[in-house]
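# Examination of the molecular architecture
Spelled out, the chains give:
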Amino acid sequence: MYDLIIFLVLLLLGYGFGRYAESRHYKSIRHREIKLNQIPAVASRVPPPGRPDLQSQLVTGSVVVSVDYFKRFLASLRNIFGGRISSYESLLDRARREAILRMKQQAKELNAELVFNIKMETASIHKGQGNTIGSVEVLAYGTALIPS
Amino acid sequence: MIVSNLEVVPGKRITKHYGLVQGSSVRAKHVGRDFMAGLKNIFGGELKGYTELLQESREEAYERMLKMAKATGANAVLNVRFSTSSVAAGAAELFAYGTAVTLE
């Protein structure tokens, strides 16, 4: 009986705080994405031609973000029925966008005008119960072109 | 020291090639951080402690890679890649590797 109560309390806490944290995070991501829009980040491997005067430097951005109890519960239900696990999709989306933003922020501090050859790396850092994802780390890195 | 994840540096020519250089670092989190992470696993959100920890250990792996490149006499490391793997519960390995070269 107590187990059930604890479970429900955790579920409610996860739902409440998780939703709040996610919407706040998305708001801040959108805000900063608009601010950093001036520095394009592209995945192309070759620098734009005809600009030999540019200096290049490695920039990185990383973030570790965790899913909440409620979403993990939803995901474990999905594991029974199959299908898209949208609760994890939003987690990974947040993590990727945040990592790219941090990388761009670093590029901005260097006065870069473009970041290219972006590579992304995702690692599951902390396993939850029964090998479900607890938290993921996303690293984004690329080459910043700085006018000299 | 030029470090880049490109295969070439625009406007510069590679004159000598030294092969692969690498650096790695395995770190564990301390109990306090693990406890906080446990809480965050209920509430969701960013784990700042872990972000910092991984950032630090990635920098260490990066430094080790640079040290190895300097030891070979290179002045640049190109085509740098990072990788992360969780080795055991509570420990992660951060790995950086690239090609050491001399640029003119």
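Everything quoted here is computed from the prediction, not taken from an experiment.

### Some words on the overall build of chain A
- In terms of helices and strands, chain A carries 3 helices and 3 strands.
- Across chain A, helices and strands are ordered from the amino to the carboxyl terminus as α-β-α-α-β-β.
- Taking 2.2 N^0.38 as the reference for a compact globule, 148 residues should give roughly 15 Å; the C-alpha atoms of chain A span a radius of gyration of 19 Å, well beyond that estimate.
- With the C-alpha coordinates aligned to their principal axes, the bounding extent of chain A is approximately 70 × 25 × 25 Å.
- Across the 148 residues in chain A, those meeting the buried criterion constitute 34%.
- Sequence-distant contacts in chain A: of pairs separated by 6 or more residues, those separated by 24 or more amount to 82%.

### Comments concerning the overall build of chain B
- Assigned secondary structure in chain B consists of 2 helices and 5 strands.
- Whereas a compact globule of 104 residues would reach a radius of gyration of roughly 13 Å, chain B reaches 17 Å, over 25% beyond that.
- Taken over the C-alpha atoms alone, chain B extends approximately 55 × 25 × 15 Å along its principal axes.
- Expressed as a percentage of the 104 residues in chain B, the buried residues total 30%.
- In chain B, the share of contacts with a sequence separation of at least 24, taken over all contacts with a separation of at least 6, comes to 77%.

### Some words on helix α1 (residues 2-35) of chain A
- Between the first and last C-alpha of α1(A) there are 49 Å, a value that for 34 residues agrees with the 50 Å anticipated at 1.5 Å per step.
- Every buried residue of α1(A) is listed here: A:Gly14, A:Gly18 and A:Glu22.

### Overview of the interface of chain A and chain B
- Between chain A and chain B, the residue contacts involve 37 residues of the former and 29 residues of the latter.
- Secondary-structure elements contributing two or more residues to the side of chain A that touches chain B are α1, β1 (54-66), α2 (69-81), β2 (114-127) and β3 (133-147) of chain A.
- For the side of chain A that touches chain B, the per-class residue count stands at 17 nonpolar, 13 polar and 7 charged.
- Note that β1(A) and strand β3 (residues 45-46) of chain B share 2 bridges and pair antiparallel.

### A closer look at the packing of α1(A) against helix α3 (residues 86-109) of chain A
All names here are of chain A.
- α3 packs onto α1 with a crossing angle of 35° between their chain directions and a minimal axis gap of 10 Å. For the element pair α1 and α3, the recorded crossing hand is left-handed. Facing Glu-22, His-25, Tyr-26, Ile-29, Arg-32 and Glu-33 of α1, the residues of α3 in contact are Ser-90, Arg-94, Arg-97, Glu-98 and Leu-101.
- Each residue belonging to the contact of α1 with α3 can be placed in one class, and the counts come to 3 nonpolar, 2 polar and 6 charged.

### Observations concerning the nonpolar core
- Residues A:Ala99, A:Met103, A:Val115 and B:Val77 are the most contacted members of the largest nonpolar core, which totals 45 residues.
- Where this core is concerned, the elements lending two or more residues are β1, α3, β2 and β3 of chain A together with α2 (48-72), β4 (76-88) and β5 (91-103) of chain B.
- Not counting the four nearest positions on each side in its chain, A:Met103 is found in contact with A:Val59, A:Thr60, A:Gly61, A:Val115, A:Ala140, A:Tyr141 and A:Gly142.

### Some thoughts on the environment of A:Leu101
Residues and elements named next belong to chain A.
- Here Leu-101 lies in helix α3.
- Residue Leu-101 is classed as buried on the basis of its 21 C-beta neighbours within 10 Å.
- With 68 residues separating them in the primary sequence, Leu-101 and Glu-33 have C-alpha atoms 6.9 Å apart.
- Residues within four places of Leu-101 in sequence aside, it is in contact with Ile-29, Arg-32, Glu-33, Leu-36 and Gly-61.

### Some thoughts on unusual backbone geometry
- The phi dihedral of A:Asn117 falls on the positive side, at around 55°, and the residue is not glycine.
- By the secondary structure assignment, A:Asn117 is in strand β2.
- Here B:Asn79, not a glycine, exhibits a phi torsion of approximately 55°, which is positive.
- With respect to the helices and strands, B:Asn79 occurs in strand β4.

### Some details on the environment of A:Asn117
- The exposure class assigned to A:Asn117 is buried, which follows from the 21 C-beta atoms found within 10 Å.
- Here the alpha-carbon distance between A:Asn117 and A:His31, two residues 86 residues apart in the chain, equals 24 Å.
- With residues up to four places along the chain from it excluded, the contact list for A:Asn117 reads A:Arg45, A:Gly142, A:Thr143, B:Asn5 and B:Leu6.

### What to know about the packing of α1(A) against α2(A)
All names here are of chain A.
- Interhelical geometry of α1 versus α2 gives an angle of 110° and a closest axis separation of 6 Å. Here α2 runs roughly perpendicular to α1, going by the angle between their axes. Residues Leu-10, Leu-11, Leu-13, Gly-14, Tyr-15 and Gly-18 of α1 lie in contact with α2, whose contacting residues are Tyr-69, Phe-70, Lys-71 and Phe-73.

Rules behind the numbers
Along each chain, numbering runs from 1 in the same order as the chain's sequence is written. Key to labels: chains lettered from A, ligands numbered from 1, both in the order written. Only residues with pLDDT of 70 or above have their local features reported here, since the model is predicted, and side-chain atom pairs are shown and tallied only from 80 upward, although totals for entire chains, interfaces and linings are computed over all residues. Put simply, DSSP marks the helices as runs of H or I at least four residues long and the strands as runs of E at least two long, and each gets a number from the N terminus on. The reference for a compact globule is 2.2 Å times residues^0.38; the radius of gyration itself is calculated from the C-alpha atoms. With C-beta atoms placed from the backbone, the exposure class of a residue follows from how many other C-beta atoms lie within 10 Å of its own: 20 or more, buried; 12 or fewer, exposed; in between, partly exposed. Whether two residues are in contact is decided by their C-beta atoms, placed from the backbone, lying within 7 Å. One fewer than the residue count of a helix, multiplied by 1.5 Å, yields its expected span. In this count, Pro and Cys sit with the nonpolar residues alongside Ala, Val, Leu, Ile, Met, Phe, Trp and Tyr, while Asp, Glu, Lys and Arg are called charged and the others, Gly among them, polar. Following DSSP output, two strands are said to pair if at least two bridges run between them. Note on definitions: angles span 0 to 180 degrees between N-to-C directions of axes, and those axes are lines fitted to C-alpha atoms, for helices only across the stretch in contact. Should the near helix be turned anticlockwise from the far one by less than a right angle, the crossing is left-handed, and should it be turned clockwise, the crossing is right-handed. When buried Ala, Val, Leu, Ile, Met, Phe, Trp, Tyr and Cys residues are joined through C-beta atoms within 7 Å, the set is termed a nonpolar core. Oblique is the label for any angle not covered by the other classes, which are roughly parallel (under 35 degrees), roughly antiparallel (over 145) and roughly perpendicular (65 to 115).

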